[in-house]
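Residue-level structure breakdown
This is what each chain is made of:
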Amino acid sequence: GDDPSLERAASATRFNLPEDAIEGPDGAIYVTDTHSHVIRRLKDGRVSVVAGTFRGGHNGDGPALATQLKLPLAMLLEPGGSGILFSDDGNYLLRRLDL
C-alpha cells in the first residue's frame, strides 16, 4: 500500500477518484483523492499526502497524517490561507486542515 509519509514524483502517483482541487497560498495544488481517503499536495512535480491514512474511517481529530478520513470531497481555502476546510463526506463532517 501507499506510505503517507512518502513524497514521490507526480508521474508515479496514482489517484483514486480525485474530486476537488484548490491552489494553496504557497502555489501548491491540494487535491481530495476521495477513494484513497487522503488529501494530497502537488508542487514542483512532486506529490505528498498531507492528511489521511489511506484507510477510510474515523478515529477522531489529531495529527493530519494519523487522522482517518472517509471520502474527502469539496475543499475551500480559508481567508488568509492558514487552512483548508473540507467535507469528510463519509463521516458527515466538515473538517479543517492547518497549512
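So, here is what we can say about the structure in this document. (Residues numbered from 1 in each chain as written. Predicted model: local features only at pLDDT ≥ 70, side-chain atom pairs only at ≥ 80, totals over all residues. Heavy atoms only, no water.)

An order of β1-β5-β4-β3-β2 is seen for the 5 strands of this open sheet, with the pairing classed as antiparallel. Every interior strand has two partners, whereas the edge strands, β1 (8-9) and β2 (18-23), have only one. (Pairing = 2+ DSSP bridges. Helix = DSSP H or I, 4+ residues; strand = E, 2+ residues; numbered from the N terminus.)

With that out of the way, let us pick up unusual backbone geometry. Despite not being glycine, His37 shows a phi value in the positive range, around 65 degrees. Following the sequence through the fold, His37 ends up in the loop between β3 (29-33) and β4 (38-43). Among the residues examined, His37 registers a relative accessible area of 14% and is labelled buried. Despite not being glycine, Leu71 has its phi angle at roughly 60 degrees, a positive value. (Buried < 20%, exposed > 50% of the residue type's maximum accessible area, 1.4 Å probe, protein only.)

Attention shifts here to the side chain of Thr13. Along the polypeptide, Thr13 turns up in the loop between β1 and β2. Relative accessible area serves as the criterion here: at 10%, Thr13 is assigned to the buried category. A polar atom in the side chain of Thr13 sits 3.1 Å from the backbone oxygen of Ala9. Those residues in contact with Thr13, other than ones at most four positions away along the chain, are Arg8, Arg40 and Val47. (Polar contact = N/O pair within 3.5 Å; in protein donor to acceptor, adjacent residues only side chain to side chain. Contact = heavy atoms within 4.5 Å.)

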